[in-house]
Amino acid sequence: MCIRDSNNVEPHHAYEKIIQTIDKAVDHWAEGDEIRWNFGGGEPSMHPKFLEILEYLNYKKQWVLVTTNGSRSKKFWSEAVKYINSINMSAHFGSMDKFPGNERRFIENCEAIINYHKQVNKDHWIEIKLMTPPGYLDRASEFKEKIIELGEQIDFDSYRTSQGKDFHLVVQEKHHN
């Protein structure tokens, strides 16, 4: 679901229209069944009513995936994680460098999410992607070590993009069932 107005008439779609769309999709299109909702591209958590949207989807018993740069506060993610099944945290070192404290905040947010998953036995998982441009591999390795310290139930996979230029490290928490 797109929660940002692509015509830029308004920066974000109105909350009421989003709720109407959710109701119509769930109640009529899916006939009350679960839909897998995916929020990403742009930063979905910047919508002023994003928590309320997540809460409503949870109320409707929907499955939610959010792809984020993790830049919101630890307080925000400690609340949001309660309503999200899958979180893709994408660390972009170049953009993190533009805002002091974003690297520390990213790790704190990962920790809050992982700790919640350890306490709640639901279908939750987190995937952490370290978007590592050329010249940043040592920094990404240090970052990876900080993430490893957050929990023992983490798997690591490394892969290269089709262009072979950027390295991506995928850190995926093992599923809890």
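Residues numbered from 1 in each chain as written. Predicted model: local features only at pLDDT ≥ 70, side-chain atom pairs only at ≥ 80, totals over all residues. Heavy atoms only, no water.

(A) The arrangement of the pairing of strand 2 (residues 63-68) in detail. Of all six residues making up strand 2, five are buried, and the element is well covered by its neighbours. The sheet contact formed by strand 1 (residues 36-39) and strand 2 spans four bridges and is parallel. If you follow Asn38 over to strand 2, its bridge partner there is Leu65. The β-α-β motif built from strand 1, the intervening helix 2 (residues 50-59) and the parallel element strand 2 has right-handed crossover chirality. As judged from the four bridges shared by strand 2 and strand 3 (residues 86-92), these two strands associate in the parallel manner. Each residue of the ladder has a partner; that of Thr67, found in strand 3, is Asn88. (Buried < 20%, exposed > 50% of the residue type's maximum accessible area, 1.4 Å probe, protein only. Helix = DSSP H or I, 4+ residues; strand = E, 2+ residues; numbered from the N terminus. Pairing = 2+ DSSP bridges. Right-handed = clockwise from strand over helix to strand, strands pointing away.)

(B) The arrangement of the nonpolar core in detail. Within the largest apolar cluster, 41 residues are counted, with the highest numbers of intra-cluster contacts made by Ile22, Trp37, Leu54 and Phe143. Not counting residues up to four positions away in its chain, the partners in contact with Leu54 are Val64, Val66, Ala80, Tyr83 and Ile84. (Core = buried A, V, L, I, M, F, W, Y, C linked by side-chain atoms within 4.5 Å. Contact = heavy atoms within 4.5 Å.)

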